Structures are given as C-alpha cells and as structure tokens.
Amino acid sequence: MTHAMTDPNSATTVLIYGGGVAGALLARGLSDAVPVTLVDPLDYFEVPMAAPRNLVQPAFAERAIMPFAEALPKVRHLQGRLTELSPTGGLVALSSGRETTLRGQITVLATGSQYANDLMRGTAGTGDTRRRFYERYAQRVAQSRNIVIVGGGPIGVELAGEILESAPGRKITLVEAGPRILAGTTPEAARHVSRFLVSRGVEILLDQTLAEGGSDPGDPLAGAGTAVTSGGRRIPYDLMVWCTGGRPGTGYMRRHFSSVLNERGRISVTPELTVAGHPGLYALGDINDVDENKMAWHIAGQVDTACANILKALKDPAAGPGRPYRPQTNNPSMAVTLGSKAGVLYLQGVGLVTWGWFVSLVKSRHMLVPKYRKALGLK
Ligand SMILES: Cc1cc2nc3c(=O)[nH]c(=O)nc-3n(C[C@H](O)[C@H](O)[C@H](O)COP(=O)(O)OP(=O)(O)OC[C@H]3O[C@@H](n4cnc5c(N)ncnc54)[C@H](O)[C@@H]3O)c2cc1C
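Notes on the structure follow. (Residues numbered from 1 in each chain as written. Predicted model: local features only at pLDDT ≥ 70, side-chain atom pairs only at ≥ 80, totals over all residues. Heavy atoms only, no water.)

Looking now at the overall build of the chain. On a plain count of helices and strands, the chain comes out with eleven helices and 21 strands. For 379 residues, the compact-globule formula gives about 21 Å, and the C-alpha radius of gyration of the chain, at 21 Å, lands near that figure. For the chain, the spread of C-alpha atoms along the three principal axes comes to 60 × 50 × 40 Å. Buried residues in the chain amount to 53% of all 379 residues. The long-range share in the chain, meaning contacts at least 24 apart out of those at least 6 apart in sequence, stands at 64%. If you average the places of the 40 positive and of the 31 negative side-chain charges in the chain, the two averages end up 4 Å apart. (Helix = DSSP H or I, 4+ residues; strand = E, 2+ residues; numbered from the N terminus. Rg over C-alpha atoms; globule rule 2.2 N^0.38 Å. Buried < 20%, exposed > 50% of the residue type's maximum accessible area, 1.4 Å probe, protein only. Contact = heavy atoms within 4.5 Å. Lys, Arg positive; Asp, Glu negative; His and termini not counted. Charge placed at Lys NZ, Arg CZ, Asp CG, Glu CD.)

This is the structure:
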C-alpha cells in the first residue's frame with residue numbers, strides 16, 4: 001500500500017460510501033441532477049434477497065448481479081473501501097492498492113452490515129467472482145447429506161426453504177439461540193414457518209447454541225465435522241451454514257466520530273437522516289440508529305427522504321434541515337420465502353398471509369430481482 005494521497009479530482013458534489021440497497025438507489029436518484037461519486041469494494045450491485053436462491057441455483061444470480069457500469073452509468077465508481085472518516089475527508093483503500101482521500105460537498109455513509117463471512121454478501125471482487133462462488137457453493141450443497149444452519153432469522157429460514165426445494169433429500173438442522181425462529185416478526189408467522197419446515201423434515205432446535213465442533217464461521221466452504229449444541233445434541237454435518245445476523249460496518253468512524261456511535265456501533269442520526277451534529281453528512285440503511293427492522297423494505301423510504309433533503313440542501317444551503325423521515329418502529333411487516341412457491345407475508349394492518357400463490361407473486365418466484373432491476377434502470 002502506498003502512502004495516502006489526495007486525488008486532485010476527488011472533490012465531488014455528492015460522495016456516497018457503499019453501493020448497496022441505500023447507496024445504489026440514492027446514487028441512481030441523484031445522478032441525473034448532480035455529479036455523484038460512489039465508493040464500493042465491489043464493481044456490482046447485488047439484490048440481497050436473491051442470495052439464498054443463488055446459493056442453490058447459481059443461474060439465478062445472473063440477473064441479481066448488476067455491474068455498476070450498467071446500473072449507474074452517470075455515476076463515477078471508485079472500487080475501494082472507506083477505512084477512516086475524518087472531519088477533512090474519507091481515507092479510501094482502493095482495490096488497485098493505492099490510498100486516496102476523498103471529499104464531497106455532501107457525504108453519504110451507506111456501508112451496510114458485515115456478516116460472519118461472504119456467504120450472503122460479497123466483500124470484494126467482481127460480479128464474475130461472485131457468480132463463481134455461487135457455482136462452487138451449489139456444488140457443495142449438492143454433495144452434502146447433513147446440513148446444519150446456524151441462525152433462525154429470515155436468512156437461515158429462507159435458505160432452508162431453498163435447499164428443500166432445489167436439493168431435496170438432505171437432513172437439515174436449524175439451530176436457533178432464541179426461544180423461537182423469526183424473532184423480527186410475529187409469533188403467528190413464525191409458527192406457520194416452523195410447521196412448514198418441520199413437516200418437510202427440518203429439525204429446529206430452539207434455545208440452543210453451538211457448544212463445540214462448529215465450522216470456522218469465516219469460511220463458508222469449511223469442511224465437515226460434528227457439532228455439539230448447548231443442549232447436548234451431537235449433530236454430524238457435511239456443511240455448516242452460518243446465518244447469524246450482521247453487525248453495522250462502521251469501523252471507519254471509531255477514530256474521529258466515536259461520539260456518534262451507539263453501543264451497537266450504529267450511527268446516531270437526526271430525523272432528517274444526517275449524522276448528529278454534522279449537517280452535510282448522511283447515514284442511511286443498516287448502519288444508522290433509526291429504530292426499525294433493518295430491512296431493504298424500509299430503506300426505500302430513507303432513500304426518498306435523503307434524496308429530497310440533499311437536492312434541497314445543494315440548491316439552497318441556508319434552507320434548513322429538510323424533511324424528517326418517519327421511522328417504521330415496531331412494524332413487524334416481513335415477507336419470508338420458503339422456496340419459490342411458498343412463504344409467509346406479515347403486513348401491518350392486514351395480518352398474516354400464508355397463501356403460497358400470493359407470496360410467490362409478491363416475492364418467492366422472483367426474489368424482488370425485477371423490482372431492483374427496474375429501480376436501477378435495467379430490463
Ligand atoms: C441474504 C439477505 C436477504 C435479505 N432479504 C431481505 C428481504 O427479503 N427483505 C428486506 O426488506 N430486507 C432483506 N435483507 C436486508 C436488506 O438487504 C438490508 O437491510 C439492506 O441491504 C441494507 O441496505 P444498506 O444499503 O444499508 O446496506 P447493503 O445493501 O448491505 O450495502 C452496503 C454496501 O456497502 C459496501 N461497503 C461495505 N463497507 C464499505 C466501506 N468501508 N466502504 C465502502 N463501501 C462499503 C458493500 O460492499 C455494499 O455494497 C436481506 C439481507 C440479506 C443479507
């Protein structure tokens with residue numbers, strides 16, 4: 001790595017760190033009106049909802065992975081990672097090995113969650129690297145008879161549904177540390193999903209963690225073993241899948257901005273979604289402390305608010321803080337798929353919908369890929 005240097009072309013109108021759900025949609029929304037630079041270690045946007053299916057049907061990833069060059073043609077993309085944010089700019093480690101310091105008139109942090117490994121979200125590389133990973137993973141699932149899924153949140157549950165559909169005949173054990181699966185939605189929705197999985201042979205172990213014998217959580221392709229749970233169950237496995245939740249990827253804030261991080265590492269924001277005390281600095285999506293389920297579903301509203309506030313602030317810097325975002329606090333709405341033909345949808349104000357055909361229509365069949373392709377201007 002060379003010494004840090006300031007790129008003479010680094011000053012941009014809007015500088016976005018992170019091109020996931022929040023950053024890519026915001027970049028798309030702003031780039032017709034103002035110059036936008038996007039920094040992301042990947043060269044593509046990937047629809048996160050498609051990942052559980054991509055892992056067993058790698059061809060599904062073809063349309064779920066969209067190169068930034070196609071999805072954000074008016075945006076300047078720098079492939080790199082923000083490593084430290086200071087009051088004078090952001091230090092970025094470029095994938096070329098160089099370092100640079102960037103500044104924007106407006107800066108947006110949208111760096112999302114970090115997971116135990118690259119299973120559900122790639123952390124570096126190209127779309128081709130990601131597609132090859134999915135191919136290798138699907139082969140590994142096909143070769144595995146006993147599969148242990150660690151974590152009974154939506155991701156673990158959806159992956160169990162995908163394996164049941166695309167690679168039937170495996171013995172699947174789902175280990176959940178809490179008293180029920182799907183803690184983010186209602187007990188009724190969780191009961192329906194449990195019944196579906198158990199009736200198809202999935203064993204669900206609640207209130208249990210892995211005491212010993214787990215695979216290396218950092219390596220999604222780690223080898224076989226025998227796990228012992230805190231409840232004393234011995235489970236031989238060919239493949240262990242870590243689907244434990246993510247944590248906010250905000251390490252770059254620690255040196256200069258630790259005062260705005262809450263105890264969980266999330267960034268405190270104002271109702272207008274700027275970082276508390278820093279009017280030109282926004283934080284969106286999984287990394288901010290807005291009190292709502294961390295879901296793409298809600299992030300769309302944050303992106304609309306930020307887009308309007310940024311355009312207003314650029315037009316008239318004296319205009320005041322802009323419009324507030326209305327958080328979806330305690331909204332348990334959630335769509336959980338169980339393969340391509342089943343699932344549950346819990347909608348606030350409507351209740352639980354378990355008609356497979358309906359859940360398939362709204363999510364399971366397409367995993368929202370067409371929705372994101374359309375939002376990013378692709379067919
Ligand atoms: C497998 C899976 C399935 C999901 N299913 C659903 C669902 O069905 N419905 C739903 O509503 N939500 C779902 N979610 C949650 C949803 O995807 C997240 O809440 C959402 O993606 C968060 O958006 P974000 O923009 O904050 O972060 P992300 O979309 O994670 O994007 C973060 C981006 O920042 C980049 N980045 C990370 N660190 C840095 C850095 N230091 N510098 C620069 N760039 C960086 C990453 O490469 C990434 O592109 C799912 C999540 C996963 C992982």
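Right, let's get into unusual backbone geometry. You will see that Leu182, though not glycine, has its phi angle at about 50 degrees, which is positive. Tracing the sequence through the fold places Leu182 in the loop between β10 (171-175) and α7 (187-199). For Leu273, which is not a glycine, the phi torsion comes out positive at approximately 75 degrees. Mapped onto the fold, Leu273 is located in the loop between α8 (254-257) and β17 (274-275).

Within the secondary structure, Thr209 sits in the loop between β11 (203-205) and β12 (210-212). Taking C-alpha positions, Thr209 is 52 Å from Pro317, a pair spaced 108 residues apart along the chain. Each residue touching Thr209, except ones within four places of it in the same chain, is listed here: Val175, Ala177, Val228, Thr229 and Ser230.

This brings us to the site of the ligand. Taken together, 30 residues sit near the ligand, with Ala22, Asp40, Arg121, Asp286 and Lys363 positioned nearest. The contact in question runs from an oxygen atom of the ligand to an N or O atom on the side chain of Lys363, over 2.5 Å. Coverage of the ligand by the protein amounts to 91% of the 1,000 Å² it exposes when considered alone. If you list the elements that add at least two residues to the shell around the ligand, you get α1 (21-30), β2 (36-40), β5 (76-86) and α9 (296-315). Of the residues contributing to the shell around the ligand, the split by class is 17 nonpolar, seven polar and six charged. (Near = heavy atom within 4 Å. Polar contact = N/O pair within 3.5 Å; in protein donor to acceptor, adjacent residues only side chain to side chain. Areas by Shrake-Rupley, 256 points an atom, 1.4 Å probe, with all protein chains shown as cover. Nonpolar A, V, L, I, M, F, W, Y, C, P; charged D, E, K, R; others polar.)

Here the focus is the sheet that holds strand β19 (residues 334-337). Strand order in the open sheet made by the three strands is β19-β20-β21, with antiparallel pairing throughout. Each having just a single partner strand, β19 and β21 (351-353) make up the two edges of the open sheet. Shown here is a sheet whose adjacent strand axes are inclined to one another by a mean of 10 degrees, direction ignored. As paired elements, strand β20 (residues 343-347) and β21 share three bridges and run antiparallel to each other. Bridge pairing in β21 links Leu345 to Val353. The strands touched by α7 are β20 and β21; relative to β20, the strand with the most contacts, the crossing angle is about 175 degrees. (Pairing = 2+ DSSP bridges. Axes fitted to C-alpha atoms, helices over the stretch in contact; angles between N-to-C directions.)

Let us now look at the packing of α1 against α9. Running from N to C, α1 and α9 point in directions that differ by 40 degrees, and their axes come no closer than 9 Å. α1 and α9 meet at a crossing whose hand is right-handed. Counted together, Val21, Ala22, Leu25, Leu26, Gly29 and Leu30 of α1 and Ala296, Ile299, Val303, Ala306, Cys307, Ile310 and Leu311 of α9 form the full contact between these two elements. Its residues placed into classes, the contact of α1 with α9 shows twelve nonpolar, one polar and no charged. (Left-handed = near helix turned anticlockwise from the far one by under 90°.)

Turning our eyes to something else, we now look at the packing of aromatic side chains. Per the counting criterion, the structure on display carries six aromatic pairs. Geometrically, the ring pair formed by Phe133 and Tyr137 is tilted, given 5.8 Å between the ring centres and 40 degrees between the ring planes. Separated by four residues within a single helix, Phe133 and Tyr137 lie in helix α5 (residues 127-143), roughly one turn from each other. The buried category is assigned to Tyr137, whose relative accessible area is 1%. Judged by centre distance (6.4 Å) and plane angle (85 degrees), the ring pair of Trp355 and Phe358 falls under edge-to-face. Overall, Trp355 belongs to the exposed group, its relative accessible area being 53%. Here Phe358 falls in the partly exposed class, since its relative accessible area comes to 26%. Here the aromatic residues Phe133, Tyr134 and Tyr137 are joined through ring pairs into a cluster of three or more. In this arrangement the basic side chain of Arg53 is found over the ring face of Phe60, its NZ or CZ atom lying 5.2 Å from the centre. Note that Arg200 overlies the ring of Phe196, its terminal NZ or CZ placed 3.6 Å from the centroid. (Phe/Tyr/Trp six-rings, centres within 6.5 Å; stacked < 30°, edge-to-face > 60°. Lys NZ or Arg CZ within 6 Å of the ring centre and 35° of its normal.)

Further remarks concern the sheet that holds β11. The strand order across the open sheet formed by four strands is β11-β10-β9-β15, and the pairing between neighbours is parallel. If you trace the sheet from one side to the other, it starts and ends with β11 and β15 (239-242), each paired once. Direction aside, neighbouring strands of the sheet carry axes that sit 20 degrees apart on average. The sheet contact formed by strand β9 (residues 146-150) and β15 spans four bridges and is parallel. Across the sheet, residue Ile149 finds its bridge partner in β15, namely Val241.

So yeah, pure geometry; function would need other evidence.
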